[in-house]
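# Coordinate analysis (summary)
Chain residues, written in single-letter form:
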Amino acid sequence: MADLKKPPLYEEHLAAGAKMVEFGGWMMPLQYTGIIEEHRRVRSSAGLFDVSHMGEIVVKGYDAFKLVQKLITNDAGRARGDRVIYSPMCYPDGGVVDDLLVYPRDGGEYLLVVNAANKDKDLAWIRENAVGLAAEVEDVSAATAQLAIQGPKALEILQPLTEGELASLGYYRWTRGRVLGVDCLISRTGYTGEDGFELYFAAEAAPHVWRRLLAAGKEKGLAAAGLGARDTLRLEAALPLYGHELGPDISPLEAGLERFVCLDKGDFNGRAALAAQQEEGVKRRLVGLIMVDRGVPRQGYPITAGGREIGRITSGSYAPSLEKNIALALVAAGTISTGAEVEVSIRGRLNRAVVVNLPFYRRSKK
Amino acid sequence: MEFPANLYYSKDHEWVEVEGNRARIGITDYAQESLGDIVFVELPQVGDELAAGDSFGVVESVKSASDVYAPVGGKVVAVNEALLDSPQDINADPYGKGWMIEVEMSDPAEIENLMDSGAYQQLVKEEKGE
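Cut-offs and rules
Residues numbered from 1 in each chain as written. Chains lettered and ligands numbered in written order. Predicted model: local features only at pLDDT ≥ 70, side-chain atom pairs only at ≥ 80, totals over all residues. Heavy atoms only, no water. Buried < 20%, exposed > 50% of the residue type's maximum accessible area, 1.4 Å probe, protein only. Helix = DSSP H or I, 4+ residues; strand = E, 2+ residues; numbered from the N terminus. Arc of directions from axis to C-beta. UniProt positions renumbered as here; feature names shortened; annotations may be inferred. Contact = heavy atoms within 4.5 Å. Domains from an automatic or database assignment. Buried area = accessible area lost by both parts, 1.4 Å probe. Salt bridge = Lys/Arg side-chain N within 4 Å of Asp/Glu carboxyl O. Pairing = 2+ DSSP bridges. Axes fitted to C-alpha atoms, helices over the stretch in contact; angles between N-to-C directions. Polar contact = N/O pair within 3.5 Å; in protein donor to acceptor, adjacent residues only side chain to side chain. Nonpolar A, V, L, I, M, F, W, Y, C, P; charged D, E, K, R; others polar.

## Points about helix α2 (residues 35-44) of chain A
Along α2(A), the residues that are buried comprise A:I35, A:I36, A:E38, A:H39, A:V42 and A:R43. The arc that holds every buried residue of α2(A), seen down its axis, measures 165°, which confines them to one face.

Pasting the structure below:
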């Protein structure tokens, strides 16, 4: 416990009565008032998440593009101007090192936003891949705070506090702006399935931005939301979580991320393995399950169909927006299709579930 | 947080209300608060025999599943079936509507191994690092 890192807002979370948990080496807020309430608030108005535990890595130098292109499965060429891209980062065997966001910066630099728990591993991997290239790799995580304001009222709440116009900022686009007087990188991204923004700025300004944002948004329903709600929200939106739907032994193609794998962009780590998978067809694929019987499906629980084990749950939970128990699962390809009934083994008892199309939840767009 | 004086408490955060040989069992206010939103409960069948320390059910919050242990042994004589449809009663009213089972105690002397309200309150303070 001694070497757990505290986010710049640690004291704020304690003062707000948050239940703190260890997450990726950090002490982070799991919940404030309750996961279900925070989840519903994000779906109906807006929630503010401290995600300062995420890692930020800058890649610069003459070969920065070349390095990023080699690292990620998506096409780094798409990350230009105000476009942010999401991408898996693979090992040569097609397993996933991490999944990340790539922001292009001035002067041919890139900002990579990675998962907290993977940051050190990612840094080592990126540096290893930079050998022989004219590229510098810098960890700016400690100096960077990240907040995510998510929900249908996010724009309405954030706009009056921001110098610069946000309404015209498209999905997965970024801009620079001042929020409450603080220089921020603002992107229309998130991990909840709702409209929203992520703000990156100097860590020392975090308490000021956090307090003022919460105060200003209060009457429109904004409140702090913790990692617990972030997880149920992303699960309903069927967004993958590293260590669950992605990992060294799961390829992005198995996880249903074909859109982010550009086999025709030239060579990159994992290309040959992923091309072979594409050619032969993946052996497993990610499906969505909704429980018919009672019981909460959890990671690792076996799934059977016709008495035969066909796969395992990767993530499962009660879904507050659906008021049902749901799960993502990796199953042997070709064994089941949408609408099929399977059984999830919960503590040795078989409970019925039905296979559904993903995502479980999709926000209604205006 | 409530610690009713008429109840006995286990170190696993269950409470016991004794009436004659009958013991009503649930999880404490501290336990429900630590778990967060409860979304599912698995309970035993009436007639099941439990020894003190046996796991008799599971309480699941949004985040996790936790076993619940019998503070005293005996035969299950009643089960709060209403919890299957409204497990959130445990959050709202842990000592009332949130009760889980009743057992006919096989050895009422086992009550002696449990804590009173004051001792349990002390344990909770220690667990919370206060």
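## Looking at the UniProt feature "modified residue: N6-lipoyllysine" (unreviewed entry) in chain B
Per the UniProt record, "modified residue: N6-lipoyllysine" (unreviewed entry) is annotated on B:K63. Within the secondary structure layout, B:K63 lies in the loop between β6 (55-61) and β7 (65-69). If we skip the residues at most four places from it in the chain, B:K63 touches A:L30, A:I35, A:G228, A:D231 and A:R298.

## Concerning the domain arrangement of chain A
Residues and elements named next belong to chain A. Assigned domains of chain A: these are domain 1 (10-52 + 143-236) and domain 2 (283-366). Here the C-alpha centre of domain 2 lies 30 Å away from the C-alpha centre of domain 1. Taken residue by residue, the interface counts eleven residues in domain 1 and 15 residues in domain 2. Contact between domain 1 and domain 2 buries roughly 1200 Å² in total, counting both sides, with carbon and sulfur atoms accounting for 54%. A per-residue breakdown of the area domain 1 buries against domain 2 is headed by R40, L235 and E236, which together make up 51% of the total. Taken together, the links from domain 1 to domain 2 amount to one salt bridge.

## Some thoughts on unusual backbone geometry
The omega torsion of the bond from A:L358 to A:P359 falls at -5°, within 30 degrees of zero and hence cis. Of note in this structure, A:A238 is not a glycine but carries a positive phi near 55°. Locating A:A238 in the fold gives a position in the loop between α7 (227-236) and α8 (271-280). Phi is positive for B:H13, which is not a glycine, with a value near 75°.

## Some points on the sheet that holds strand β5 (residues 85-90) of chain A
Residue and element names in this part refer to chain A. Strand order in the open sheet made by the five strands is β5-β6-β7-β4-β8, with antiparallel pairing throughout. The outermost strands of the open sheet, each flanked by one partner alone, are β5 and β8 (136-139). Strand-to-strand twist in this sheet, taken as the mean axis angle between neighbours without regard to direction, amounts to 30°. Summarising the sheet, β5 and strand β6 (residues 96-105) pair through six bridges and their orientation is antiparallel. Bridge assignment links S87 to a residue of β6, and that residue is L100.

## Points about the pattern of salt bridges
Evaluated as defined, the whole model comprises 26 salt bridges over all chains. For A:R173, the salt bridge is made with A:D82, and the minimal N-O distance between the two is 2.9 Å. With A:R173 in the loop between β10 (162-163) and β11 (174-179) and A:D82 in the loop between α3 (64-71) and β5, this pair connects stretches of sequence that are 91 residues apart. Overall, the relative accessible area of 31% leaves A:D82 in the partly exposed class. Two residues, A:R312 and A:E309, come together in a salt bridge whose shortest N-O distance is 3.2 Å. Via salt bridges that share partners, A:D231, A:R234, A:E245 and B:K63 belong to a single interconnected network.

## Looking at the side chain of A:S52
Residue and element names in this part refer to chain A. For S52, the location among the structural elements is in the loop between β3 (47-50) and β4 (55-60). One polar contact links S52 to D50, side chain to side chain, over a distance of 2.7 Å. Discounting residues that sit within four places of it in the chain, S52 has contacts with P7, P8, W26, M28, T144, A145 and Q146.

## Considerations on the UniProt feature "domain: GCVT N-terminal" (unreviewed entry) in chain A
When the UniProt feature table is mapped onto this chain, "domain: GCVT N-terminal" (unreviewed entry) is found at residues 9-265 of chain A. In residues 9-265 of chain A, the share of helix is 25% and the share of strand is 30%. The end C-alpha atoms are 41 Å apart.

## What about the pairing of strand β12 (residues 182-187) of chain A?
Residue and element names in this part refer to chain A. Among the six residues that make up β12, five are buried, leaving the element largely enclosed by the rest of the structure. Bridge count for β11 against β12 is six bridges, and the pairing is antiparallel. Each residue of the ladder has a partner; that of V179, found in β12, is V182. Taken together, β11 and the strand that follows it, β12, pair antiparallel across an intervening segment of two residues, in which L180 is found at a positive phi of about 50°. Where β12 meets strand β13 (residues 196-202), three bridges bridge the pair, whose relative direction is antiparallel. Looking at the pairing, I186 lines up with L199 of β13.

## Observations concerning the sheet that holds strand β4 (residues 38-42) of chain B
All names here are of chain B. Within the open sheet, the three strands sit side by side as β4-β6-β7. Their pairing is antiparallel. Here the strands that pair on one side only, and so sit at the sheet edges, are β4 and β7. Put simply, the sheet's adjacent strands are angled 25° from each other on average, direction ignored. As paired elements, β4 and β6 share four bridges and run antiparallel to each other. Looking at the pairing, F40 lines up with E60 of β6.

## Points about the interface of chain A and chain B
On the chain B side, the residues contacting the 18 residues of chain A number 17 residues. Of the roughly 1400 Å² buried between chain A and chain B on both sides combined, carbon and sulfur atoms contribute 49%. For chain A, the biggest contributors to the area lost against chain B are A:R294, A:R298 and A:R347; these three give 41% of the whole. Here chain A is connected to chain B by five salt bridges. At the boundary of chain A with chain B, the tally comes to twelve residue pairs in polar contact (both at pLDDT 80 or more). Contributions of two or more residues to the side of chain A that touches chain B are made by β2 (26-31), α2, α7 and β17 (308-319) of chain A. Per-class residue counts for the side of chain A that touches chain B are five nonpolar, six polar and seven charged.

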